[in-house]
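Below, each chain spelled out in residue letters.
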Amino acid sequence: MLNNKIEILKNNNFEFPKNSLFKERLKLVFGLNVDSISSNEFYLEIKPIIPDAPEFYPTVYKKEKYLDADNFTNDLSFVSFNKYIFYEDRTAFNYLKLNDNYYLYMLVQDYGYYNNELLEYIFENINKDLESPFAYAVFFGRTGIYGNWELRKKIFQKYVNQYPDANISVIYFIAPILEEKNPYEGNREYDVAFILNLLIERNQKNNIYPVGEADYIFTKYPNFLKHLKDNNYYSFPQLKSYSENKSNLDNNDISVIYYIQDPDGYADLRKEKSKNSEIIQQLKNGEKIEVINNEENWIQIKTKEGKEGYVYYDRVKMK
């Protein structure tokens with residue numbers, strides 16, 4: 001079987017990597033120190049973040065210096081995967097995108113590996129459905145086969161910076177972290193503070209208020225807000241400013257005017273908290289509204305006509 005696989009690689013012009021490159025790439029991509037493993041054949045198995053995800057983990061052949069897996073679509077996918085892992089071959093990358101993209105997802109989702117072209121491809125797919133578990137398995141996971149399950153700060157920050165208008169909601173992942181209901185291995189409160197600071201900074205640049213994620217977390221977890229204050233907001237300036245200003249508004253009962261502002265010139269008032277929900281009314285930019293509940297990303301509002309429904313948080317501004 002090994003001989004057959006080697007012949008397939010040779011027949012498709014795969015250059016078997018030298019020992020130094022072989023070790024370097026397995027360390028970079030999978031966080032694996034090959035010298036620490038005596039066996040010639042071993043799985044790159046890792047506990048998945050998404051429990052029901054298929055587990056097609058690669059097998060390393062240390063002596064022969066290539067990787068294999070049980071579920072490649074065909075021989076060219078097998079060859080392309082090896083060319084991409086060891087040489088970041090662009091033709092191989094394009095082939096995998098069209099024919100076996102699971103293995104590209106796996107590199108980022110399971111192992112936290114990326115380069116610019118790979119991350120751009122993954123971001124494009126995340127944007128197609130920001131509510132899918134896949135999006136969060138990219139932002140939260142291990143880096144390397146032995147890494148902890150935690151926020152991948154560089155990936156998350158790169159995404160927020162690159163897609164400032166993306167309607168990404170992280171509330172339903174933040175909540176279990178703070179409630180310690182998942183096997184999260186990072187610094188729970190610091191990582192949530194990092195997320196909120198980034199989102200507050202993004203929204204302030206776009207003159208958006210309120211920040212639904214922050215308001216929801218502060219309301220539901222008052223102890224978290226207290227801990228932030230006790231830790232000087234972990235030195236995150238936007239988080240500190242937003243938290244203190246919001247507290248002052250709440251305590252002083254200052255009159256606040258909320259209104260609609262949307263890049264399309266109008267915002268959809270929906271019956272339920274979903275982009276697929278029935279549209280009750282279209283609200284023009286500048287139209288004043290009453291905010292009933294702003295504890296989640298979908299803000300419950302009442303229009304001047306008395307209609308109640310939900311608008312996505314970044315369509316609501318305050319003055």
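Everything numeric in this text was worked out from a predicted model, so none of it was measured.

*Asks:* What should I look at first to understand the nonpolar core in this one?
*Replies:* For soluble globular proteins, the rule of thumb is that nonpolar side chains tend to be buried together. Core analysis: the biggest nonpolar cluster contains 91 residues, and Phe30, Leu107, Phe139, Phe140 and Phe156 have the highest contact counts within it. Sorting elements by how many residues they give to this core places helix H10 (residues 188–205) first, with eight residues. If we skip the residues at most four places from it in the chain, Leu107 touches Val29, Phe30, Phe81, Tyr84, Ile85, Gly112, Tyr113 and Leu118.

*Asks:* When you look at the side chain of Arg202 in this model, what are you seeing that I'm missing?
*Replies:* When you line up the elements, Arg202 lands in helix H10. Not counting chain neighbours up to four residues away, the residues in contact with Arg202 comprise Val160, Tyr163, Pro164, Ala166, Ile168 and Tyr313.

*Asks:* Looking at this structure, how should I read the sheet that holds strand E3 (residues 66–68)?
*Replies:* What links the strands of a sheet is backbone hydrogen bonding, and the strands pair in either a parallel or an antiparallel sense. What the three strands build is an open sheet, ordered E1-E2-E3; its pairing is antiparallel. If you trace the sheet from one side to the other, it starts and ends with strand E1 (41–43) and E3, each paired once. Taking the axes of each pair of neighbouring strands and ignoring which way they run, one obtains an average angle of 25 degrees across the sheet. Across three bridges, the pairing between E1 and strand E2 (residues 59–61) is antiparallel. Along E2, the bridge assignment pairs Glu41 with Tyr61.

*Asks:* Explain the environment of Lys47 to me, please; I cannot follow it from the model alone.
*Replies:* Here Lys47 shows up in the loop between E1 and E2. Overall, the relative accessible area of 62% leaves Lys47 in the exposed class. Remark: the alpha-carbon pair of Lys47 and Phe140, spanning 93 residues in sequence, is separated by 13 Å. Ignoring anything within four residues of it in the chain, the contact list for Lys47 reads Tyr57 and Arg142.

*Asks:* I keep staring at helix H5 (residues 102–109) and nothing clicks. Help me out?
*Replies:* Among the eight residues of H5, eight are classified as buried, and the element is accordingly described as predominantly covered. Of the residues making up H5, those classed as buried are Tyr102, Tyr103, Leu104, Tyr105, Met106, Leu107, Val108 and Gln109.

*Asks:* It is not clear to me how the packing of helix H2 (residues 19–30) against helix H3 (residues 75–87) should be interpreted in this structure. Could you clarify?
*Replies:* Packed helices, taken two at a time, are described by the angle their axes make and the gap between the axes. As a packed pair, H2 and H3 sit with axes 9 Å apart at the nearest point and diverge in direction by 90 degrees. By the criterion of interaxial angle, the relationship of H2 to H3 is roughly perpendicular. Seen from H2, the contacting residues are Leu21, Phe22, Arg25, Leu26, Val29 and Phe30; seen from H3, they are Tyr84, Ile85, Phe86 and Tyr87.

*Asks:* Even after reading the chapter, I still don't get the packing of aromatic side chains, so can you show me in this structure?
*Replies:* Pairs of aromatic rings are described using the distance from one ring centre to the other and the angle between the two planes. In the structure shown here, the tally under the stated rule is 26 aromatic pairs. Ring geometry for Phe123 and Tyr163: centres 6.0 Å apart, planes at 90 degrees, overall edge-to-face. Note that Phe123 is positioned in helix H6 (residues 116–126) and Tyr163 in the loop between helix H8 (153–162) and helix H9 (171–178), a separation of 40 residues in sequence. For the pair Phe123 and Tyr163, a shared accessibility class is recorded, and that class is buried. In this structure an aromatic cluster arises from ring pairing among Tyr61, Tyr66, Phe72, Phe78, Phe81, Tyr102 and Tyr103.

*Asks:* Quick question: what am I supposed to make of the packing of H8 against H10 here?
*Replies:* At a minimum axis separation of 11 Å, H8 and H10 run at an interaxial angle of 15 degrees. Taken together, the axes of H8 and H10 lie roughly parallel to each other. Of the two elements, H8 crosses H10, and the hand of that crossing is right-handed. Contacts between H8 and H10 involve Lys153, Phe156, Gln157 and Val160 from the first element and Tyr190, Asp191, Phe194, Ile195, Leu198, Leu199 and Arg202 from the second. Partitioned by chemical class, the residues of the contact of H8 with H10 number seven nonpolar, one polar and three charged.

*Asks:* Which parts of the structure should I look at to understand the pairing of strand E11 (residues 308–312)?
*Replies:* Two faces belong to every sheet, and in a regular strand the side chains alternate between them. Within E11, four of the five residues are buried, which leaves it mostly tucked inside the rest of the structure. The sheet contact formed by strand E10 (residues 298–302) and E11 spans five bridges and is antiparallel. Bridge assignment links Gln300 to a residue of E11, and that residue is Tyr310. Taking the residues that link successive antiparallel strands as the turn, the E10-E11 hairpin has five residues, and the phi of Gly306 there is positive, at about 90 degrees.

What counts, and where the lines are drawn
- Residues numbered from 1 in each chain as written.
- Predicted model: local features only at pLDDT ≥ 70, side-chain atom pairs only at ≥ 80, totals over all residues.
- Heavy atoms only, no water.
- Core = buried A, V, L, I, M, F, W, Y, C linked by side-chain atoms within 4.5 Å.
- Buried < 20%, exposed > 50% of the residue type's maximum accessible area, 1.4 Å probe, protein only.
- Helix = DSSP H or I, 4+ residues; strand = E, 2+ residues; numbered from the N terminus.
- Contact = heavy atoms within 4.5 Å.
- Pairing = 2+ DSSP bridges.
- Axes fitted to C-alpha atoms, helices over the stretch in contact; angles between N-to-C directions.
- Parallel < 35°, antiparallel > 145°, perpendicular 65-115°, else oblique.
- Phe/Tyr/Trp six-rings, centres within 6.5 Å; stacked < 30°, edge-to-face > 60°.
- Left-handed = near helix turned anticlockwise from the far one by under 90°.
- Nonpolar A, V, L, I, M, F, W, Y, C, P; charged D, E, K, R; others polar.

Scope: geometric values only; no functional claims are made or implied.
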